[in-house]
Amino acid sequence: MSSDGVMRLTPRGWVTLDRVVLVLAPVIVFWFQGFEGLSDTDPGFLTGISYRLLRGQELYTDIIYVRPPLSPILHAGVLKLLPDHLGLIGERALFYVLAWTSCLLALLTLRHAFGRDASGVAGLPLSIIGTLAFLFSVNNFTPYPWHTLDGVFFSALGLFLVVRSPSTLGLACAMLACLAAAACKQSYYPIPLVAVFLAGACHGRPGLIRSTVSLIVLSTVTLGGAAALYPESTSAFWKLSRAATHWDEAISAGFTKYLQTLPFVFGFVALGWLVKRRVGDATRTELLLWSVVLVALGLNIVEAYQNWFWQKTAYKYSQFLFLLAFGVAAFELRHYRQRAITLMALLSIAWCSSLSWGTKHPILFFTPVVFGVVHGVRVHLGGRTPVWAYRGWIVVLFGAYLAMAQFPRFDAPRWECTHALSEVFPRASAIQVGGFQFQHHTELMHLVAKYGEPFVVLPALPLAHYLTETTPILSVDWALNVEVTGYTLKAQLLAQLEQPGVTALIQRHRIDRVRRRGDHPYGSWLTLHVVDHWTLVETRESFLVYQMSTLPSSLQPAPKRTDF
């Protein structure tokens, strides 16, 4: 046992119990959460697009996609490398690998900026902070390929390279990684500029000049090469992305949600100051902070068991903790400029990840948030909660998330996920689902076998063509208004849909919701068009089967879509 209370497993002391837990955390979480449950929406979105790329279709001209192109290309490569029967489960495992690697890169960046103190933060090992942050991050999301997580990974890699290497080659690689993050999702467009600013803070004027020149050269080569090699796709991307991007969404996710937590931030700071002043023990302030977090955990467990769908509203306090961490960085800015800017730069990744249509909180990259809060209460306030208490919180987090994870998104509870989906589709090997999803996909298999190609599934089963190994005819697998930028693509999609012999399989359990939402971004005008104008030819338990009674003579099969 070492002086800092960390059990040493080797004479050299490199391997510790806390580091072993950090290394094993993604394996344990994947074992308990990676195999059961299948949502028929988000998890298939990027996989369906990647499958289209492998079938020879092109982004933006053949495939409606309102984000930059890198994520689909990368995950198409993953599907290409993996055996067919391991594609879905392999992508789930990759989710944990990317989240864990991003956490590790952040820890290494922070250690470099704040010093190589073996005890971490005021006697607390960094591995404990990393485990806590990893558990917070991954347990708020269903594991699946996601452009947001790809952006987090490349951003963390880029900033790690910035602080580690002042050389021209090192900074060029850092800028390339940051550009890769921007090429995953629009919300990461600020990251290359953050990296340039960080290079100047860490390496002075030479670092600022080298990073700026590298960014300009790489951006020019990348954008110029894309425009020259793929002019139609480049033009289509700019039109699609402009139509889909709304500033009110960005303002809501990036500012309004944070401002709403300011009263809690001021209230907690005042309470912490009062506790320390009256009691004279900052450790009680630290205990108070984590007690608040644990109470929120308990409330989310209750919500999970009441609603069976907890991810949507989980951890509303993440913005609260983010602002606390940012406040710590701002407090240090005057006297510890370089490390404060490093922490702010990492926090910017968390902020960018919260600029989303769906999950508008920064918890997906929580390492700098947890580090900043712990650093503030232990270093600046003088808190000394024992290391064993933090280990206890790790155990509590494991238990709490295991309890909440019993309810996979859009599927039965885990104890009811006893059906092997590989019995229906070999590409879903190792995935267990509940009765509804098993029946839903079994019926899909039978209907595709009965009616054959071409067919579409509406409004949302992005994995349909990947699982059935068929050719998509629509430019979009997830026909929500938000993905097809409202009505701007109506003529093109209708031309693709209303070809001779097309069968439309409409998901019965989504009809009422789609009709209620109408023109709402998460409605589907394409689904309503089929239901209102096509002929119902068969009713099944999960699907309504529609076909066109007659085809207008003026309607021709859709050419390759290049105009918007």
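Data block above holds the structure.
Just so we're clear, the structure is a prediction, and the values are computed from it rather than from any experiment. (Residues numbered from 1 in each chain as written. Predicted model: local features only at pLDDT ≥ 70, side-chain atom pairs only at ≥ 80, totals over all residues. Heavy atoms only, no water.)

Caption draft 1: Quick peek at the overall build of the protein chain. Secondary structure assignment for the protein chain yields 21 helices and six strands. The long-range fraction of contacts in the protein chain, counting pairs at least 24 apart against all pairs at least 6 apart in sequence, stands at 73%. Total accessible area on the protein chain is roughly 23900 Å²; 64% of this is exposed by carbon and sulfur atoms. (Helix = DSSP H or I, 4+ residues; strand = E, 2+ residues; numbered from the N terminus. Contact = heavy atoms within 4.5 Å. Areas by Shrake-Rupley, 256 points an atom, 1.4 Å probe, with all protein chains shown as cover.)

Caption draft 2: Layout of empty space enclosed by the protein. Following the criterion strictly, the structure yields seven cavities of 30 Å³ or more and no others. Roughly 80 Å³ of volume is contained in the second largest cavity. If one sorts the elements of the lining of the second largest cavity by residue count, strand 3 (residues 455–458) sits on top with four residues. By residue class, the composition of the lining of the second largest cavity is ten nonpolar, one polar and two charged. (1 Å grid on protein atoms, 1.4 Å probe; cavity = no way out; pocket = protein on both sides within 12 Å on 5 of 7 lines; lining within 4 Å. Points joined across faces, edges and corners; volume = space filled by probe spheres on them. Nonpolar A, V, L, I, M, F, W, Y, C, P; charged D, E, K, R; others polar.)

Caption draft 3: Up close: the nonpolar core. Membership of the largest hydrophobic core comes to 124 residues, with the highest contact counts inside it found for Phe134, Phe136, Trp290, Leu321, Val370, Leu444 and Leu505. Here this core gets 14 residues from one element, more than from any other, and that element is helix 4 (residues 87–114). Counting residues in each nonpolar core, the second largest holds 37 residues, with Ala460, Val476, Leu480 and Tyr546 among its members. (Core = buried A, V, L, I, M, F, W, Y, C linked by side-chain atoms within 4.5 Å. Buried < 20%, exposed > 50% of the residue type's maximum accessible area, 1.4 Å probe, protein only.)

Caption draft 4: Seen up close, helix 5 (residues 126–138). A rise of 1.5 Å per residue sets the reference length of helix 5, with its 13 residues, at 18 Å; its end C-alpha atoms lie 18 Å apart and thus fit the reference within 8%. Helix 5 sits mainly inside the fold: 13 of its 13 residues count as buried. (Expected span 1.5 Å × (residues − 1).)

Caption draft 5: Region of the structure containing the packing of helix 6 (residues 147–164) against helix 7 (residues 168–182). Across the interface, helix 6 lies against helix 7 with an axial gap of 7 Å and an inter-helix angle of 165 degrees. In terms of axis orientation, helix 6 runs roughly antiparallel to helix 7. Along this stretch, helix 6 crosses helix 7, giving a crossing that reads as left-handed. Packed against helix 6, whose contacting residues are Gly151, Phe154, Ser155, Leu157, Gly158, Leu159, Leu161 and Val162, the element helix 7 presents Gly170, Leu171, Cys173, Ala174, Met175, Ala177, Cys178, Ala180 and Ala181 at the interface. Class assignment of the residues belonging to the contact of helix 6 with helix 7 gives a composition of 13 nonpolar, four polar and no charged. (Axes fitted to C-alpha atoms, helices over the stretch in contact; angles between N-to-C directions. Parallel < 35°, antiparallel > 145°, perpendicular 65-115°, else oblique. Left-handed = near helix turned anticlockwise from the far one by under 90°.)

Caption draft 6: Looking closely at the side chain of Ser127. Within the fold, Ser127 resides in helix 5. Classification of Ser127 as buried rests on a relative accessible area of 8%. Not counting the four nearest positions on each side in its chain, Ser127 is found in contact with Asp18, Arg19 and Leu22.

Caption draft 7: Representation of helix 13 (residues 318–332). Spanning 15 residues, helix 13 covers 21 Å between terminal C-alpha atoms, matching the ideal 21 Å at 1.5 Å per step. Those residues of helix 13 not exposed but buried are Ser318, Gln319, Phe320, Leu321, Phe322, Leu324, Ala325, Val328, Ala329 and Glu332.

Caption draft 8: Representation of the sheet that holds strand 6 (residues 543–547) in the model. Taken in spatial order, the four strands make up an open sheet running 3-4-6-5, and their pairing is mixed. Only two strands of the sheet have a single partner each, and these edge strands are strand 3 and strand 5 (535–539). The average angle at which neighbouring strand axes cross in this sheet is 25 degrees, direction not considered. As judged from the four bridges shared by strand 5 and strand 6, these two strands associate in the antiparallel manner. Along strand 6, the bridge assignment pairs Thr535 with Gln547. Contacts from helix 20 (residues 508–517) reach strand 4 (503–507), strand 5 and strand 6 within the one sheet, and its direction differs from that of strand 4 by about 80 degrees. Packing against the sheet, helix 21 (residues 525–533) makes contact with strand 3, strand 4, strand 5 and strand 6, and its axis sits at approximately 110 degrees to strand 4. (Pairing = 2+ DSSP bridges.)

Caption draft 9: Layout of unusual backbone geometry. Here the bond from Glu453 into Pro454 is cis, since omega is -5 degrees, no more than 30 degrees from zero. Examined against the element boundaries, Pro454 turns out to sit in the loop between helix 17 (435–451) and strand 3. You will see that Tyr60, though not glycine, has its phi angle at about 75 degrees, which is positive. Looking at Tyr60, the relative accessible area reads 4%, which means it is buried. In this structure, Ala430 takes a positive phi of about 75 degrees despite not being glycine. Checked against the element boundaries, Ala430 lands in the loop between strand 1 (419–420) and strand 2 (432–433).

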